[in-house]
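Residue-level structural notes
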Amino acid sequence: MTPPVVLTIAGSDSGGGAGIQADLKTFAALGAFGTSVITAVTAQNTLGVTAIHPIPIDIVAAQLDAVLADFPVAAVKVGMIGDPAVAALIAGRATQLPNLVIDPVLVATSGARLADTAAVAPLASYNCVLTPNRQEAAALTGSPVETAEEMVFAAESLAKRGARAVVVTGSETAADVLWHDGTVETLHGEPVPTANNHGSGCTFSSAIAVRLAAGDPVPVAVRAAKRYVSAALAGGRDWRLGAGPGPLHH
Ligand code: PLP
């Protein structure tokens, strides 16, 4: 049977742990056919990012148009945007981008800056499932997001900008906050004690996109993605691929 087609619009991670590489592995592991629009090439390994090359906007647009012209794309995940103009490009193609999931990537796991908050902020108002971690939610709202109450407040205030749903992730207790259809709920999980968490945000948003492509309602898709990330974290816990935070086992 032909698999559902999912598209990732994101940056390349030469270390294979995050970005496009994590997205395509997630799509394949969950039974989708992955296509990709590369917005930036990053040189990095488990220790950090050594160079970033944003792809010129006309080449980003050409990749997007090539994919959309030929594939029945059923869901789209957006990660690192590279060139700030990519946000406007996505807005311009909005009607052709079903089941949009946006991970507002600002900073790499290693702490390297991957995008400016001002360039990413417009994405928060798109009709999408928005998946900020606590740091990204704090940058987008301008308020600290540390406690469970602050996560709820951030999810509600980001939702007012127009998203279809908002999931704030990254608490120490693995309790994510999901806003959808006017309600807020906390999704509890088992924390996986591991330093190998590079690419967990990318993996989460990609898994949501696959489940939405398969027809799951948002809360079902988000719960399934959370289970997938936990299993991938547990699977890679004992891996020693580099000297820094390693990737997940897809
Ligand atoms: N996209 C790229 C290209 C990256 O290099 C990174 C992190 O290094 C991310 C996204 C975000 O990674 P994470 O899933 O760990 O939040």
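Residues numbered from 1 in each chain as written. Predicted model: local features only at pLDDT ≥ 70, side-chain atom pairs only at ≥ 80, totals over all residues.

Now for helix H7 (residues 200-213). The terminal C-alpha atoms of H7, which comprises 14 residues, lie 20 Å apart, in line with the 20 Å expected from a rise of 1.5 Å per residue. The buried fraction of H7 is high, at 14 of 14 residues. Positive phi appears at Gly215, one or two residues downstream of H7, with a value of about 100°. (Helix = DSSP H or I, 4+ residues; strand = E, 2+ residues; numbered from the N terminus. Expected span 1.5 Å × (residues − 1). Buried ≥ 20, exposed ≤ 12 C-beta atoms within 10 Å, placed from the backbone.)

What follows concerns the UniProt feature "domain: Pyridoxamine kinase/Phosphomethylpyrimidine kinase" (unreviewed entry) in the chain. The UniProt feature table records "domain: Pyridoxamine kinase/Phosphomethylpyrimidine kinase" (unreviewed entry) at residues 13-249. The span residues 13-249 is 38% helix and 19% strand, and its two end C-alpha atoms sit 16 Å from each other. (UniProt positions renumbered as here; feature names shortened; annotations may be inferred.)

Taken in spatial order, the 9 strands line up as E3-E2-E1-E4-E5-E6-E7-E8-E9 in an open sheet, and their pairing is mixed. Each edge of the open sheet carries a strand with a single partner, namely strand E3 (48-54) and strand E9 (183-187). Examined bridge by bridge, strand E1 (residues 5-13) and strand E2 (residues 33-45) share 9 bridges and lie parallel to one another. Within E2, the residue paired with Ala10 across the bridge is Ile38. (Pairing = 2+ DSSP bridges.)

Before going further, it helps to examine the pairing of E3. For a regular strand, the rule is simple: side chains alternate between the two faces of the sheet. Relative to E3, E2 is paired through 6 bridges, and the arrangement is antiparallel. Across the sheet, the residue bridging to Val41 is His53, located in E3. Hairpin connection between E2 and E3: a loop of 2 residues separates the two successive antiparallel strands.

This next bit is on the environment of Val107. Looking at the secondary structure, you find Val107 in the loop between strand E5 (100-102) and helix H4 (117-120). The class for Val107 is partly exposed, based on 16 C-beta atoms found within 10 Å. Residues Val107 and Glu136, spaced 29 residues apart in sequence, show a C-alpha to C-alpha distance of 8.1 Å. Residues within four places of Val107 in sequence aside, it is in contact with Ala112, Arg113, Leu114 and Gln135. (Contact = placed C-beta atoms within 7 Å.)

Turning our eyes to something else, we now look at the environment of Ala28. Its location among the elements puts Ala28 in helix H1 (residues 19-29). Along the primary structure Ala28 and Pro3 are separated by 25 residues, whereas in three dimensions their C-alpha atoms are 9.8 Å apart.

Attention now goes to the site of the ligand. Not every one of the 18 residues close to the ligand is listed here, only the nearest: Gly11, Ala18, Gly19, Ala108 and Gly201. Going through the elements one at a time, E1, E2 and H7 are the ones with two or more residues in the shell around the ligand. In terms of residue class, the shell around the ligand is built from 7 nonpolar, 10 polar and 1 charged. (Near = placed C-beta within 6 Å. Nonpolar A, V, L, I, M, F, W, Y, C, P; charged D, E, K, R; others polar.)

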